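# Structural characterization, general
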Amino acid sequence: MNRDPLDPGSLGSLHGPVPRHIAVIMDGNGRWAAARGLPRRAGHQEGMKAVREVIEGCAEAGVGILTLFAFSTDNWQRPEEEIHALMGLLRLYAGQEKEELREKGVEVRVLGDLSRLDEATLGSVRAIQRETRGGARMRLNLMVSYSGRADILGAVRAIAARVREGVLEVADIDGDAFASHLLTGSLPDPDLLIRTSGELRISNFMLWQFAYTEIYTTPVLWPDFTQADLREALVEYQRRERRFGRVPSS
C-alpha cells in the first residue's frame, strides 16, 4: 500500500473519523531480532520504542482508548528466560513511563490474569495504575496474561453466579449484560485492530469485542512500526464504510 501523500507525522491533522478505540497486536519482535542475529529479548526491548511511538501518535490523533496486547496466557509456555525478560521489560516500562504518561493525561489499566505475575511485576503494575489514575486524555490498556477465551469464560461464570444468587434473571442476559462482565466491560469495542508482521489472525485476543472491528494488517515488524505506519492505518480506516451488517448507504 502506498503511503498517504500528506506529512506522515501530522496525526493531529487527519480529516475524517478517528477511531474511539484502537487495539494492537504487537507482533514481530522475535523475527526482527533473528534477522539481525540478536537474541529475542533484543527485539522485545526495541519494541518498547514502538509502544512509545504509538501512544504518542494516538494521543495526538485524538484516539480515546488504546489497547495493546502485551502478553497472552499462551506466552507462559515460552522459555523461562524469555518470560523473565518480558516481565523485566514490563517492570522497566512501568517504572520509567508512569510519570510521563501521567503528565500527558494517559490513564493506564493492566488487564488479564494478574495472579500469575511475580510480586515485583505485580507491584509495578499496581504503581503505574495508581500513578496515572484519572488521566483524561487517553485510556491505555495493557493486556497482560490475557486470553480472549478466558475472558469469555470468566464472564459466563460471573453471570452464572449472579443468576444462582438471584441477583440476575436469565431473561435479562443480553449482549450488553454479557459484555459488561468482560474485562473491558466499561469500554466501547475497538473500532480498529492493527496487527503488525503480516500475520492474518487475531490470536485469542478480544474475541467477543472484535465482532465489528475493522482489521488492518501490515508487514512491518513491531519494532519498526512508527507514527507514519499508524497514520497509514488511520487513513485506511477512514476509507472504509462501516455498515455493522446493514445495507450499504446509497
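Bear in mind that the values here come from a model prediction, so they are computed numbers and not experimental data.

### Side note on a negative patch on the surface
- A cluster of acidic side chains, namely Glu169, Asp172, Asp174 and Asp176, defines a negative patch on the protein surface.
- Mapped onto the fold, Glu169 is located in the loop between helix H5 (148–164) and helix H6 (175–179).

### Things to note about the nonpolar core
- Of all hydrophobic cores here, the largest spans 48 residues; its most connected members are Ile22, Leu66, Tyr93, Leu140 and Ile194.
- Not counting residues up to four positions away in its chain, the partners in contact with Leu66 are Ile22, Val24, Val54, Ile55, Cys58, Met138, Arg139, Leu140 and Asn141.
- Grouped together as the second largest cluster of nonpolar side chains are 10 residues, Met143, Tyr146, Leu193 and Met206 included.

### Let's talk about the sheet that holds strand S4 (residues 138–146)
- The six strands lie next to each other as S3-S4-S2-S1-S5-S6, forming an open sheet whose pairing is parallel. Since the sheet does not close on itself, it has two edges, and those belong to strand S3 (106–111) and strand S6 (214–217), each with one partner. Strand after strand, the sheet turns through a mean of 20° between neighbouring axes, direction not considered.

### Observations concerning the packing of aromatic side chains
- For the structure on display, the rule yields seven aromatic pairs.
- For the pair Tyr146 and Phe205, a centre-to-centre distance of 5.9 Å together with 90° between the ring planes defines the contact as edge-to-face. Taken together, the residues Tyr146 in strand S4 and Phe205 in the loop between strand S5 (192–195) and S6 connect sequence positions 59 residues apart. The residues Tyr146 and Phe205 share a single accessibility class, namely buried.
- Consider the rings of Phe178 and Trp208, whose centres lie 4.5 Å apart with planes at 45°: the pair is tilted. Here Trp208 lies in the loop between S5 and S6 and Phe178 lies in helix H6, a separation of 30 residues in the sequence.
- Since its relative accessible area comes to 34%, Trp208 is described here as partly exposed.
- Three or more aromatic residues joined by ring pairs form one cluster here, namely Phe69, Tyr146, Phe205 and Phe210.

### Observations regarding the confidence of the model for the chain
- Of all residues in the chain, 94% attain a pLDDT of 70 or more, and the chain-wide mean is 93.
- Under a pLDDT of 50 for its full length, residues 1–8 has, in the predicted model, 16 contacts with residues more than four places off or in other chains.

### Quick word on the pattern of salt bridges
- All told, the structure shown has 18 salt bridges when counted by the stated rule.
- For Asp191, the salt bridge identified is with Arg20, shortest N-O distance 3.9 Å. Note that Asp191 is positioned in the loop between H6 and S5 and Arg20 in the segment before strand S1 (21–25), a separation of 171 residues in sequence.

### Points about the side chain of Gln129
- Within the secondary structure, Gln129 is located in helix H4 (residues 119–132).
- Within the structure, the side chain of Gln129 is placed 2.7 Å from the backbone nitrogen of Val110, a separation counted as a polar contact.
- Residues contacting Gln129, with those up to four places away along its chain left out, are Val108, Arg109 and Val110.

### Quick notes on H4
- Taking 1.5 Å of rise per residue, 14 residues should cover 20 Å, and H4 covers 20 Å from first to last C-alpha, within 8% of that figure.
- Buried residues of H4: Thr121, Leu122, Ser124, Val125, Ala127, Ile128, Gln129 and Thr132, and no others.
- Once H4 ends, the next one or two residues include Gly134, with phi positive near 95°.

The rules behind the values
- Residues numbered from 1 in each chain as written.
- Predicted model: local features only at pLDDT ≥ 70, side-chain atom pairs only at ≥ 80, totals over all residues.
- Heavy atoms only, no water.
- Patch = residues over 30% accessible without salt bridge, like charges linked within 9 Å, V, L, I, M, F, W, Y side chains within 5 Å.
- Areas by Shrake-Rupley, 256 points an atom, 1.4 Å probe, with all protein chains shown as cover.
- Salt bridge = Lys/Arg side-chain N within 4 Å of Asp/Glu carboxyl O.
- Lys, Arg positive; Asp, Glu negative; His and termini not counted.
- Charge placed at Lys NZ, Arg CZ, Asp CG, Glu CD.
- Helix = DSSP H or I, 4+ residues; strand = E, 2+ residues; numbered from the N terminus.
- Core = buried A, V, L, I, M, F, W, Y, C linked by side-chain atoms within 4.5 Å.
- Buried < 20%, exposed > 50% of the residue type's maximum accessible area, 1.4 Å probe, protein only.
- Contact = heavy atoms within 4.5 Å.
- Pairing = 2+ DSSP bridges.
- Axes fitted to C-alpha atoms, helices over the stretch in contact; angles between N-to-C directions.
- Phe/Tyr/Trp six-rings, centres within 6.5 Å; stacked < 30°, edge-to-face > 60°.
- pLDDT = per-residue confidence, 0-100.
- Polar contact = N/O pair within 3.5 Å; in protein donor to acceptor, adjacent residues only side chain to side chain.
- Expected span 1.5 Å × (residues − 1).

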